[in-house]
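Read off the chains here:
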Amino acid sequence: MKPQTRTALLFASPWFIGFSLFLAYPVVASLYYSMCDYSVLRPPVWVGMHNFRNLMKDEVFWISLKNTAIYAGMALPLGMATAIALALLLNTKVRGMTIYRTIFFLPSLVPTIPLAVLWLWVFNGEHGILNEVLRRVGLPAPNWLSDTAWSKPALALMALWGAGNAMVIYLAGLQDVPTEMYEAAELDGAGWWARTRNVTLPFLSPVILFNGIMGIIGTLQVFAEPYVMFPGGSPARSTYFYTMYLFDNAFIYHKMGYACAMGWIMFLIILVLTLVALRVSEKHVHYQGG
Amino acid sequence: MGHNHGAMARSLLTPLAVVVLVLAAWYSEMVVRVPEPPGPVVVTYWEKWTSFEGDAMRAVVDAFNRKQNKVFVKLLTISGIENKTLMAVAGGNPPDVAGLYGPNVAQYADDRAILPLDDFCAEYGISAAQYIPCYWDIGVYRGRVYSLPTTPASTALHYNRTMLREAGLDPDRPPRTIDELDAYADKIFQRGDRGRIVRAGFMPAEPGWWNWGWGCIFGGKLWDGKTKITANAPENVRAFEWIQSYSRKYGATDLQTFRSGFGNFSSPQNAFLSSQVAMELQGVWMHNFISMYAPGLDWGASPFPHPSDRPDLANSTFVDEDVLVIPRGARHPKEAFAFIAFVQSQEGMELLCMGQRKHSPLVKVSDRFWKTHPNPYVRLFADLAYSPNAIAPPKLPLWPEYGAELNNAFDQIALLKKSPKEALDAVQERMQPKLDDYIRVARLRGDEP
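On a predicted model such as this, the values are computed, not experimentally measured, just so you know.

**Concerning the overall build of chain B**
From N to C terminus, chain B includes 18 helices and 12 strands. With the C-alpha coordinates of chain B rotated into their principal frame, the extents come out at 100 × 55 × 50 Å. A burial count over chain B gives 47% of its 449 residues as buried. Considering only contacts in chain B between residues 6 or more positions apart, those separated by 24 or more positions represent 73%.

Below is the structure:
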């Protein structure tokens, strides 16, 4: 081995050690445990595909998966549309724009748990500020937190609070759109919408794809907010999400093997969805210079 | 810069890096490991309590540390105690004593996460006869003692005397049967503008901590103690029918809207403390919250009503306790038990239970304890714990899952999404195979369930 190689490996070794110890090993171990009856406290007992077979028959598993899919179906498009719309607005040339950008980004800095507690008050069916406003303008004021039909929309609505992160990435993408394209479009007589549709969005498409994939991963793994706001996935398990069932299996029911199996199924789901997103977007994503 | 310099620097680099790594490892180990001081053995004790409840235990620990010089107990306040103890045992570095919850005992004992204490108990002369039976029993799993109590709790009907009076009811005669409870509830119930509920006499979903257990109030059992889950026993179905009757007569949505306006339990906006709900099932701790948030409340406590046709079920009460256990892998189990034994002494226990304003789990209680106890109903709670109808969560390792299923069934029937029979049949169908599975695996492992 060349001395340089050795030195390079040595300097990279903290990462290698950290990666293998804290990431690679747990990942491999969880695959093994997913095929074991394992409570963490006693030695694992090999049960083959038993956990996976049981999961397929587990009604609560399917409920949690369905809840998660519905939530992702609401939160993902809503979140992306909001973030793009905000980014477009914040990309206009208005005085004091940096201040507006900061203001719209700020909410995403609020830590999750205080955020959840805060929104419990916003959504309070009787005294919540949201229902107060809805009543004022003559709209029905649902029981966001205790009505099975409204608990998931409430969470999707709340997720918009964190749109700032995606918004900043879109903003960066927007800065990259060459101005000569707009000039050319304008010369061709394109209006605001035609420019947005034919210039901005195609140039933004790689960023949209990136945010879309990150959004798939994020919404499918929603955990902390519902865990704090809806204990046990109440009401009647309408907010019992995949990760909550996984957590309960691992740490409350001490079925670590079962939880590992759930983790791997979620990994496969996300992998497949990401591949599908990449494939579907092939024709619609335009990379500059590529 | 000569070529040699570079080579020398490079050849020095590797050993230097190794030395740095070793030093870092050694130093971090030094920082983490507190050396055992000469003198008393240090026993680490993890406990969940904060505020006045934490202070009460700290007083007991201090008293123990003052009393002798062989063992020094170091009390650490830990949140999420059951999960952290689980992880610490799995990691092989647990505390010597952990303050878990009563319903954890079966699950943790079954997983061999905590040590049986029978030999220690014998050595210190601690036995069942010294305890109120239900409180001793919570620590026993498959015939062995795995935990001893810290503070116990039983429940009773708490009622707002002012609200009873305002509804034309006798505040000195709380309801004794379920029928009377329903009649009282109807009299107190009020709607305001737009038909919104503004006041309720009784709501089965409030506070919602024993949603799994209403069947037991009606004489039902949740399992046969061996191999059969009995979630859909007729008594349990009857209890859920009674619960659903509230959703039917007051409207599930209206009740939901009313409930959604309640504040946190530990706040002045608590439904009972803010006089929104007149009668609630609550534990011996409720007095603490009344004196904290609603000191002017005119209240009373009495045994929870029983079904009119089942006088044998009078004095039903939910009992629970916090417990002390010695986790597997503890470094100083002997010294740990010396401390546990002190907590079990009349002196230690009364200091603790007075500080937390609960009753004592021990049979022997000093006059001073009764006379100076701030809760005017403390004797009622202690007496209820002796009741043959004291209900504790079933000692099933599967209980956390079973309880979650029952809570979900409760939600479904309260929201009128399922009939009581349907909801409980579903629980039965889901849990019985799980129990079968558990027993099969236990046999495979060589445990005799």
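Now that the structure is up, let's keep going.
**Considerations on the overall build of chain A**
For chain A, the helix and strand inventory stands at 13 helices and 2 strands. With the C-alpha coordinates aligned to their principal axes, the bounding extent of chain A is approximately 70 × 70 × 35 Å. Per-residue burial over chain A gives 31% buried out of 290 residues. Across chain A, every contact between residues at least 6 apart in sequence was considered, and the portion connecting residues at least 24 apart equals 68%.

**Digging into the packing of helix α2 (residues 51–67) of chain B against helix α14 (residues 346–355) of chain B**
Helix packing for two helices is described by the angle between their axes and how far apart those axes are. All names here are of chain B. It is at 8 Å that the axes of α2 and α14 come closest, and there the two elements cross at 160 degrees. Judged by the angle between their axes, α2 and α14 are roughly antiparallel. As α2 runs across α14, the sense of the crossing is right-handed. Along its contact with α2, which presents Phe 52, Asp 55, Ala 56, Met 57, Ala 59, Val 60 and Ala 63, the element α14 presents Gly 348, Leu 351, Leu 352 and Gly 355. Per-class residue counts for the contact of α2 with α14 are 8 nonpolar, 2 polar and 1 charged.

**Considerations on the pairing of strand β10 (residues 299–302) of chain B**
All names here are of chain B. The alternating pattern of β10 places Trp 299 and Ala 301 on a buried face and Gly 300 and Ser 302 on a face that is not buried. Where strand β6 (residues 148–160) lies against β10, 4 bridges are found, and the strand directions are antiparallel. In the strand pairing of β10, Asn 160 is matched with Trp 299.

**Considering the confidence of the model for chain B**
Residue-level pLDDT values for chain B average 93, and 96% of them are 70 or greater. Across the whole predicted complex the pTM is 0.88, and at the interface the ipTM reaches 0.86.

**Structural notes on the pairing of strand β8 (residues 197–202) of chain B**
All names here are of chain B. Across 2 bridges, the pairing between strand β7 (residues 190–191) and β8 is antiparallel. In the strand pairing of β8, Gln 190 is matched with Arg 199. Between the antiparallel neighbours β7 and β8 lie 5 residues, among them Arg 194 with a positive phi of about 55 degrees. Sheet topology places β8 next to strand β9 (residues 277–283); 2 bridges connect them, and they run parallel. Each bridged residue has a counterpart across the sheet, and for Phe 202 the counterpart in β9 is Met 279.

**Overview of the domain arrangement of chain B**
Residues and elements named next belong to chain B. Taken domain by domain, chain B consists of domain 1 (41–146 + 320–386) and domain 2 (154–316 + 394–445). Computed over C-alpha atoms, the centres of domain 1 and domain 2 are 29 Å apart. The partner domain 2 presents 14 residues to the 14 residues of domain 1 that form the contact. Looking at the side of domain 1 that touches domain 2, the elements that each hand over two or more residues are α4 (104–110) and α16 (378–385). Among the elements that take part in the side of domain 1 that touches domain 2, α16 stands out by supplying 4 residues, more than any other. For the side of domain 1 that touches domain 2, a count of residues per class yields 8 nonpolar, 3 polar and 3 charged.

**So, the interface of chain A and chain B**
Contacts between the two partners involve 27 residues from chain A, matched on the other side by 28 residues from chain B. Among the elements of the structure, α1 (3–33) and α12 (242–252) of chain A are those that each provide at least two residues to the side of chain A that touches chain B. The residue makeup of the side of chain A that touches chain B, split by class, is 10 nonpolar, 11 polar and 6 charged.

Quick notes on the rules
Residues numbered from 1 in each chain as written. Chains lettered and ligands numbered in written order. Predicted model: local features only at pLDDT ≥ 70, side-chain atom pairs only at ≥ 80, totals over all residues. Helix = DSSP H or I, 4+ residues; strand = E, 2+ residues; numbered from the N terminus. Buried ≥ 20, exposed ≤ 12 C-beta atoms within 10 Å, placed from the backbone. Contact = placed C-beta atoms within 7 Å. Axes fitted to C-alpha atoms, helices over the stretch in contact; angles between N-to-C directions. Parallel < 35°, antiparallel > 145°, perpendicular 65-115°, else oblique. Left-handed = near helix turned anticlockwise from the far one by under 90°. Nonpolar A, V, L, I, M, F, W, Y, C, P; charged D, E, K, R; others polar. Pairing = 2+ DSSP bridges. pLDDT = per-residue confidence, 0-100. Domains from an automatic or database assignment.

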